[in-house]
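Single-letter residue listing:
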Amino acid sequence: MRWLEYLVFLVIVLGLARPVGLYLARVCQRQRTFLDPALHPVESLLYRMLGVRPEQEMSAGVYFICFLLFGVGCTIVLFLVLISQRWLPGGPADTYLTTPMTTDLAANTAVSFTTTTTWQAYGGENTLRYLAQVIGLVAQNFLAGAAGLAVGFAFIRGIAREHSATVGNFWVDLIRSLLWVVLPVTLVGSLVLIWQGVPLNMAPYTLVHTLEGRTQTIAQGPVAALEFIKNLGTNGGGFFNANGAHPYANPTPLTNFLGMLAIAVMPASLMITFGHMTHRPAAGWVLLMVMVALFVVGLVVCNWAETAPPPQLAGLHIVGGNMEGKEVRFGVGESVLTAIVTSNTSTGSYNSMYDSYQPLGVLVLLVFMLLGEVVFGGLGAGVYSIVMFALVSVFLGGLMVGRTPEYLGKKISSAETRWIVLYALITPAVVLVLTGIAIVTDAGRAGLVTNFGPRGLAEILFAYASCMANNGQAMAGLNANSVFYNDTTAIAMLVGRYGLAALALMLSGRFAAQRRAPTTAGTLPSDTPIFGALVFGTIVLVGAMCYFPALALGPIMEFLGH
Amino acid sequence: MLNITVSLVGTILIESPNWKIPANMSDSDEPAEITSQCASPRAPRARLSEQLRPAILSVLVLTLLTGCVFPLLLFAIARPLLPRQAGGTLVTRGAAVIGSELIGQEFTRPEYFQSRPSAAGSGYDGTSSGGTNLGPNNPKLMNGAADFAGIRQLAEEYRKRNGLASDAPIPIDAVTRSGSGLDPDITPANAELQISRVARARGLSEQAVRRLVANHTKGPQFGFLGNPRVSVLELNLALDQSLNQAAPPTLR
């Protein structure tokens, strides 16, 4: 049954990739779609209101600065909403809000939600007011997701164009992403979630008298407004502390499955958009197949680690896979599928507790985040994550067989190589340095309140990998609501969002200016299975070279030592 | 590294001279010299200085659109259409709210089926969802601590409560805590092992209780999604209702 579910998931993702990818291409290229009659007037109105001149085009530099300005503006607004939430009307009652909204927590949360990281150093039901969740977090889930998609569009355009000094208009891409993609899908998806039982109310927490006559207080709220967009925008931060494990956030296997599709379908489809717009459909499919291959490897390993009877329970006559931290309605199967999907797509809307995973299970999730979310990846960001690896592969392949390093007709000269290498090195540099600082300082080690030893190291590495990948999922045993972690994780989130996007956009600007070189016998073909295997190998090799020592001291040591 | 950083910042701010386009972006309202495949081949270039207004306005207007208009629209559609779900799928008996169909609650009396152990607050605290976050090799998970029952102890208690032999196999969901601490369900295998205890406490035949369990066992959704499960609150409510004569008198 588990395998059937995995299979159906992949079939749906791959089946939708082409239609959705072509639709996204139409949105990106401002071509007609069936939604135009309804949305065109809104689009024009927004351009007039915001002072956007949609006919103007931006260079990669201006495009990036607009993306940055928009991010900064959103961060400021969200920070102000969070820090002033005590004056917002509506529930829940103050007595339940036990975690104070300190300045550093508000700043961390503001950065986190505007970078699609949605790392949460707090528990929703005992920190935030309903209106702070809606006006603050729901809005940023939309905006950060749509802004990411816009950058993805610009990156694709850069490779698709020739002799062009520009890569598009950020405001146009942002507004079209919101109106044509994110908002309508979210409206329909949210209604399905409510139908399945996700609450949408502003009621005070419900006091109930249970069947046995005890009292139980149940947190309520406008949960459904957040729970679909958190997945579609590849954000992932939940309404409640337990995120997707909470029965109100994720009441049925169907809501979970839909959430996983909401996460994976669009990033996967963007590979088809990429192939379509660069007029090399096969190149898009090859990269998508590399993603699927990595996905399947991770799924098989994690599935094996978690469905095996936990070795720690040997001799106790306890039957079944590892259910600690997992919900019965999902079982091990849907929990593992969700873990693999969220780890791969910078989403982090976990429905089981990763700190309770077996060492090999943790290893898989950690590796996927450290690789930089190449499998499907974040909305928009996934395109440049995988293409960067394709470019490294082209370079390595070119060196090996003595062919000109070229990708889709774009020459990779020393200047381009510099951006690519910087892109590849920035994640290990930030993650490993911050992890190093955390484990040698008292402030960093103070976060280890639940687990120690190799698992403690894994928790810290997981935290920075998650923030750098703009993922946001945590091994929640780490107490990360301290000034040290709120500040250092925010650094990782900012570099992971704006640093990587800057490099990707700069590169795409350079490609846009180039002409497309004709394919010759000296060209390494980039739309063959062999190239796919080369990209796969490069991803594994680069990942292993950067992270093996850290992983060896964490999950691998825990696996071997017990 | 510093060199690279400087050149990165430089490139973003003044653009790469390799592009052979004017570095000064403010005088580029005229058509770009080299364009093709653009939305329009003679598309005017956007000036950096003109982007501050859209930046500020778009943050405000789009926040209103997605953070206020969207939720209000969702409320307007969902509240009349799906009032029960929107309200949290609460279960009432008479005038009293006795729980939510979706949220697990704690049961300790022998005449009720029991939920999984919980790490939410002091157990099934609906305002404090969460799991143990203990690693599988953390000794506390197995052996427990002063205020925390380890898996060993939970297994021993479960066997004692249900009259099982000390080496009788038990399903793992009975001795592990869920991710939310509010798991409303148990596995059918877990329910099966509790049947004889519940039947005895209520003076019923095991067959009658087993039938009720079977009636309240949900298979995978649409035949392939998720796991078979038994909702504990639903089952216990059904026990009280359909077998009312045998219900203990202390019940509210």
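Residues numbered from 1 in each chain as written. Chains lettered and ligands numbered in written order. Predicted model: local features only at pLDDT ≥ 70, side-chain atom pairs only at ≥ 80, totals over all residues.

### Observations regarding the overall build of chain B
Keep this limit in mind: Strands are runs of DSSP state E lasting at least two residues, helices are runs of H or I lasting at least four, and both sets are numbered from the N terminus onward. Residues are called buried when their C-beta atom has 20 or more other C-beta atoms within 10 Å, exposed when it has 12 or fewer, and partly exposed otherwise; all C-beta atoms are positioned from the backbone. Contact between residues is assigned whenever the C-beta positions, reconstructed from backbone atoms, fall within 7 Å.
Secondary structure summary: chain B contains eight helices and six strands in total. In sequence order, the secondary structure elements of chain B are arranged as α-α-α-β-β-α-α-β-β-α-α-β-β-α. For chain B, the residues scored as buried account for 43% of the 252 residues in total. Looking at chain B alone, contacts between residues at least 24 apart form 44% of all its contacts between residues at least 6 apart.

### Things to note about the environment of A492(A)
Residue and element names in this part refer to chain A. Residue placement: A492 occurs in helix α17 (residues 483–513). Considered as a pair, A492 and H562 are 70 residues apart in the sequence and their alpha carbons are 32 Å apart. The contacts of A492, once residues within four sequence positions are left out, are V430, V431, L434, Y464, C467 and M468.

### Concerning the interface of chain B and chain A
Inclusion rule: All residues other than Ala, Val, Leu, Ile, Met, Phe, Trp, Tyr, Cys, Pro, Asp, Glu, Lys and Arg, Gly among them, are scored as polar; the first ten of these are nonpolar and the last four charged.
In this complex, chain B contributes 112 residues to the contact, which on the side of chain A involves 121 residues. Counting only elements with at least two residues in the side of chain B that touches chain A, the list comes to α1 (2–14), α2 (52–81), α3 (83–86), β2 (96–100), α5 (151–161), β3 (170–171), β4 (185–186) and α8 (232–242) of chain B. For the side of chain B that touches chain A, a count of residues per class yields 58 nonpolar, 41 polar and 13 charged.

### Details of the sheet that holds strand β6 (residues 229–231) of chain B
Residues and elements named next belong to chain B. Put simply, the rule reads: In this analysis, strands are considered paired if DSSP registers two or more bridges between them.
Pairing within the open sheet is antiparallel, and its three strands lie in the order β4-β6-β5. Each edge of the open sheet carries a strand with a single partner, namely β4 and β5 (217–218). In terms of strand pairing, β4 meets β6 through two bridges, oriented antiparallel. By the bridge assignment, D185 is partnered in β6 with S231.

### Regarding helix α6 (residues 188–202) of chain B
All names here are of chain B. To be explicit about the condition: In this analysis, the expected span of each helix is defined as 1.5 Å times one less than the number of residues it contains. What is called the bend at a residue is the angle between a pair of axes, fitted to the seven residues leading up to and ending at it and to the seven starting from it.
Between the first and last C-alpha of α6 there are 20 Å, a value that for 15 residues agrees with the 21 Å anticipated at 1.5 Å per step. A bend of about 40 degrees at Q194 is the largest found in α6. If you check which residues of α6 are buried, you get N190, A191, L193, Q194, R197, V198 and R202. Buried residues in α6 make contact with α5, β3, β4, α7 (206–215) and β6. G203 sits one or two positions beyond α6 and adopts a positive phi of about 65 degrees.

### Details of the packing of helix α5 (residues 130–160) of chain A against α2(B)
As a reminder, the rule being used: To define axes, lines are fitted to C-alpha atoms, for helices over the stretch in contact only, and angles between the resulting N-to-C directions are given on a 0 to 180 degree scale. Oblique is the label for every angle not falling under 35 degrees (roughly parallel), over 145 degrees (roughly antiparallel), or within 65 to 115 degrees (roughly perpendicular). With the far helix as reference, a near helix turned anticlockwise by less than a right angle produces a left-handed crossing, and one turned clockwise produces a right-handed crossing.
In the contact formed by α5(A) and α2(B), the axes pass within 8 Å of each other and the chain directions differ by 115 degrees. Our classification of the angle between α5(A) and α2(B) gives roughly perpendicular. When you trace α5(A) past α2(B), the crossing you get is right-handed. Of the residues in α2(B), those touching α5(A) at V134(A), I135(A), V138(A), A139(A), F142(A) and L143(A) are L62(B), T63(B), T66(B), G67(B), C68(B) and P71(B).

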